[in-house]
Amino acid sequence: MTRKKLSLTPYLFLAPALLVIATFVLYPIGAVFYYSFTKYNISTPPVWVGLDNYKALLTDKIFWLALQHSFTYLLVTPILIVLCTILAIVVNRKLPGINAFRAVYYIPVISGSIAVGISWRLMLDTNGLLNGLLLSLGVIQSPIQWLAEPSMTLPIAMLLTIWMGLGYYMMIFLAGLQNIPEELYDAAAIDGCNPIQKHWHVSVPGLRPQYVVVGVVSSLAALQVFNEIYILTGGLGGILNSGVTVVFYLWRKAFRLQEAGMASAIAIVLLLITLIFSIVNIRLMERGTEAD
Amino acid sequence: MELAQSTPNRMSPLRSLSWRKTRETIFWYFVLILIALFTVFPFVWVFFTSFKGPADAIVSVPPQLIPKDPTFDNYIRVWNQLPIPAFFMNSVIVSLSTVVLNLLFCSLAAYPLGKMKFKGRDLIFYLLLATFVIPPQLTSIPSYVLAVNVFKYYDSILALIFPNLATVFNIFLLRQAFKTVPNDLIEAGKMDGASDLRVWWSILLPVIRPSLATAAIFTFVNQWNDFFWPSLMLHTRTHMTLQVGLVAMQGMMTSDARGMAAGVTMTIIPIIIFFVLLQRHFVRGLGGAVKG
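Treat the numbers as computed from the prediction; the structure is a model and nothing was measured. (Residues numbered from 1 in each chain as written. Chains lettered and ligands numbered in written order. Predicted model: local features only at pLDDT ≥ 70, side-chain atom pairs only at ≥ 80, totals over all residues. Heavy atoms only, no water.)

Novice: Give a description of the overall build of chain B that names residues and reports values.
Specialist: Within chain B, the secondary structure is distributed over 14 helices and 0 strands. Each helix (α) and strand (β) of chain B, taken in turn from the N terminus, gives the series α-α-α-α-α-α-α-α-α-α-α-α-α-α. Taking 2.2 N^0.38 as the reference for a compact globule, 292 residues should give roughly 19 Å; the C-alpha atoms of chain B span a radius of gyration of 26 Å, well beyond that estimate. With the principal axes as the frame, chain B shows a C-alpha extent of 70 × 70 × 35 Å. When the 292 residues of chain B are sorted by exposure, 51% land in the buried category. A sequence separation of at least 24 residues applies to 72% of the contacts in chain B between residues at least 6 apart. (Helix = DSSP H or I, 4+ residues; strand = E, 2+ residues; numbered from the N terminus. Rg over C-alpha atoms; globule rule 2.2 N^0.38 Å. Buried < 20%, exposed > 50% of the residue type's maximum accessible area, 1.4 Å probe, protein only. Contact = heavy atoms within 4.5 Å.)

Novice: Summarise the layout of surface pockets; cite the residues concerned and give the values.
Specialist: Reported here for the second largest pocket is a volume of approximately 1300 Å³. Looking at the second largest pocket, it is lined by 31 residues, and the ones nearest its centre are A:Ile89, A:Asn92, A:Arg93, A:His199 and B:Trp28. Those elements that place two or more of their residues in the lining of the second largest pocket are helix 4 (76-91), helix 9 (182-190) and helix 10 (195-206) of chain A together with helix 1 (11-49) of chain B. (1 Å grid on protein atoms, 1.4 Å probe; cavity = no way out; pocket = protein on both sides within 12 Å on 5 of 7 lines; lining within 4 Å. Points joined across faces, edges and corners; volume = space filled by probe spheres on them.)

Novice: So what's going on with the packing of aromatic side chains? Residues and values would help.
Specialist: Geometrically, a pair of aromatic rings is defined through the distance of the ring centres and the angle of the planes. Evaluation of the coordinates by the stated rule reveals 43 aromatic pairs over all chains. Residues A:Phe13 and B:Trp200 carry aromatic rings whose centres are separated by 6.3 Å and whose planes lie at 75° to one another, so their mutual orientation is edge-to-face. Taken as a pair, A:Phe13 in helix 1 (residues 9-35) and B:Trp200 in helix 9 (residues 196-207) lie in two separate chains rather than in one. With respect to burial, A:Phe13 and B:Trp200 carry one shared label: buried. Here A:Phe226 and A:Trp251 contribute two aromatic rings whose centre-to-centre distance is 5.3 Å and whose plane-to-plane angle is 65°, an arrangement assigned as edge-to-face. With a gap of 25 residues between them, A:Phe226 in the loop between helix 11 (208-223) and helix 12 (227-232) and A:Trp251 in helix 13 (residues 246-256) connect regions that are remote in the sequence. By relative accessible area, which is 3% here, A:Trp251 ends up buried. Aromatic rings pair up to connect A:Phe33, A:Tyr34, A:Tyr35, A:Phe37, A:Tyr40, A:Trp48 and A:Tyr54 into one cluster. (Phe/Tyr/Trp six-rings, centres within 6.5 Å; stacked < 30°, edge-to-face > 60°.)

Novice: So what's going on with the interface of chain A and chain B? Which residues, and what values?
Specialist: Each partner contributes residues to the interface: chain A has 88 residues there, and chain B has 92 residues. With both chains or domains summed, chain A and chain B bury close to 8100 Å², and 80% of this area falls on carbon and sulfur atoms. Linking chain A with chain B are 0 salt bridges. Counting every contact that joins chain A to chain B gives 6 residue pairs in polar contact (both at pLDDT 80 or more). Class assignment of the residues belonging to the side of chain A that touches chain B gives a composition of 67 nonpolar, 18 polar and 3 charged. (Buried area = accessible area lost by both parts, 1.4 Å probe. Salt bridge = Lys/Arg side-chain N within 4 Å of Asp/Glu carboxyl O. Polar contact = N/O pair within 3.5 Å; in protein donor to acceptor, adjacent residues only side chain to side chain. Nonpolar A, V, L, I, M, F, W, Y, C, P; charged D, E, K, R; others polar.)

Novice: Explain the nonpolar core to me, and be specific about the residues and the numbers.
Specialist: Core analysis: the largest hydrophobic core is formed by 191 residues, its most contacted members being A:Tyr73, A:Tyr105, B:Tyr111 and B:Ile171. Considering each element in turn, this core owes the most residues, 16 residues, to helix 8 (residues 150-177) of chain A. Each of domain 1 (3-71) and domain 2 (82-252) of chain B accounts for three or more of the residues forming this core. (Core = buried A, V, L, I, M, F, W, Y, C linked by side-chain atoms within 4.5 Å. Domains from an automatic or database assignment.)

Novice: Hey, could you go over empty space enclosed by the protein for me, with residue numbers and the actual values?
Specialist: Counted under the stated rule, the structure contains 2 cavities of 30 Å³ or more. By volume, the largest cavity amounts to about 60 Å³. Lining the largest cavity we find B:Val78, B:Leu82, B:Ile84, B:Phe87, B:Leu242, B:Gly245, B:Leu246, B:Met249, B:Gly263, B:Met266 and B:Thr267. Taken together, the elements giving at least two residues each to the lining of the largest cavity come down to helix 3 (84-115), helix 12 (242-252) and helix 13 (257-277) of chain B. Looking at which element gives the most residues to the lining of the largest cavity, the answer is helix 12 of chain B, with 4 residues. Here the second largest cavity is characterised by a volume of approximately 40 Å³. Lining the second largest cavity are A:Trp146, A:Leu147, A:Thr153, A:Ile156, A:Ala157, A:Leu232 and A:Thr233. No other element matches the 3 residues that helix 8 of chain A contributes to the lining of the second largest cavity. Its residues assigned to classes, the lining of the second largest cavity shows 5 nonpolar, 2 polar and no charged.

Novice: Describe the confidence of the model for chain B, naming the residues involved and giving the relevant values.
Specialist: All names here are of chain B. Per-residue pLDDT for chain B has a mean of 87; in total, 91% of the residues score no lower than 70. Confidence scores differ between elements of chain B, with helix 14 (residues 279-291) showing the lowest mean pLDDT of 59 and helix 6 (residues 158-161) the highest of 97. Note that pLDDT drops below 50 for residues 1-8; the model gives that stretch 2 contacts with residues more than four away or on any other chain. (pLDDT = per-residue confidence, 0-100.)

Novice: I'd love a proper account of helix 7 (residues 168-179) of chain B, names of residues and values included.
Specialist: Residue and element names in this part refer to chain B. Relative to the 16 Å expected for 12 residues at 1.5 Å per residue, helix 7 spans 16 Å between its end C-alpha atoms, a close match to the ideal helical length. For helix 7, the tally of buried residues reaches 9 of 12 residues, placing the bulk of the element in the interior. Residues of helix 7 that are buried include every one of Val-168, Asn-170, Ile-171, Phe-172, Leu-173, Leu-174, Arg-175, Ala-177 and Phe-178, and no others. (Expected span 1.5 Å × (residues − 1).)

Novice: So what's going on with the packing of helix 4 of chain A against helix 11 of chain A? Residues and values would help.
Specialist: Pairs of packed helices are described in terms of their axes, by the angle between the two and the distance that separates them. Residue and element names in this part refer to chain A. It is at 9 Å that the axes of helix 4 and helix 11 come closest, and there the two elements cross at 135°. As far as their axial angle goes, helix 11 and helix 4 are oblique. Relative to helix 11, the crossing made by helix 4 is right-handed. Contact with helix 4, carried on its side by Val-76, Thr-77, Leu-80, Ile-81 and Thr-85, involves Tyr-211, Val-214, Gly-215, Ser-218, Ser-219 and Ala-222 of helix 11 and no other residues of that element. Across the contact of helix 4 with helix 11, the residue classes break down as 6 nonpolar, 5 polar and no charged. (Axes fitted to C-alpha atoms, helices over the stretch in contact; angles between N-to-C directions. Parallel < 35°, antiparallel > 145°, perpendicular 65-115°, else oblique. Left-handed = near helix turned anticlockwise from the far one by under 90°.)

Structural data, given as structure tokens:
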């Protein structure tokens, strides 16, 4: 706001960053859109095929399965919201050493999904810790092949995502809780609320802005899940494609099967889903702020 | 405090109150420790497993945590089979150079977006905002083509640095920081005859240092843990980052749980140390990210 004279200065400041974003974000969107109408294996030039890729997707059973898996994966969002709200309420108290606990809960977040995924794989292995524990407790009689069981692939990956997200979303909710005035809790106590009712009537409504953010961030992350599936299934997508999500299928088509045109069509579908999601979320956000 | 000064005959309700408080405190510590066990247990188990010798079972009934025959052999074996120092060097070079260059580019771009009025500002702002919803995997197909055909940095760590030279998230974070700087500060600098570049470097950047620190830490951790794009680009062992190398190790040592545990431990410890040292900035960054 310093002056109004037309000068090149702002554009020069913006140029380097905009050049990078234009090359690696904006251009790729256009390119993917074009590739989605072509047969393309990356090594030879793309050949125009019109809507063939999209038509093929409509009848592609694995693609529909992948869509179903990706939507199922969205269940992590409500689970994370509930668990992390409770976790934030638990750590939002003044106790000696509370910061150390918060930090410990944050460790899975920064450790990276590869290291975490391999750790989990070691524990869930047929000869892993979990079977050892269950056997010694007498819960099971013979080891369960957790990672080879198709119906377990997606739930285990989701569990891993939830476990890695706990600390992250907890911190976001904690920041929200610390903005809620203490008087509201006092007023609730005077009105005869027990501790649980107090949180239900004060903390939960007070965290509305955080619910929107966490809802958006965690559901976009769920739609884009890849690393967990990759590690748990050794890059194969699980027996009978039991762990194949939209992004995993995109990756397999583009970089394993050299079908970049088809992968681009999947990418466009993913983009549309993401856009619809974002619009719904923004609407919710607007409604949320109006209500405030 | 008032209760503490009450008369002796009111001691018994006081004592029961303080006993209730103690009991409550013990309860919360119990809950906190239980959650802590849940969040770090896989790491603890992997850590101990990495020191297990051939005589120590990975899993037994009942499970054994502490090795009876501790050894560094697993670390030596992993170290001899894989270029671990190269993985580390590559990860450090990629993460550090991305942080420095990204903050440079993003803080340059954020200054006019936050503090100047110019034609097209809103257009650029909303264009950048819209890219938030673009799934990174969508851009990977054209970025791959660019890497192979145009920039020729396929299989080199340059491929990890270039696309991350500017990120929309950091531009927004820093723009938010610039907006909070009083205009008088800029005017005063201009009065002294400083150019915009000089104002940006000597006046604004020192003021927004906390936000720069936050952006730096998040960029560093993201780059350190990134897997999808690096796994597409890096194929020669000595060019790999830790995450890609870790997956290569997983492929090589499928039946060597002790070795894998050693590999995971080696990659996690540096990032945990980094986190513990800079913990405060993480918390502030998360709170800020939500408000911004």
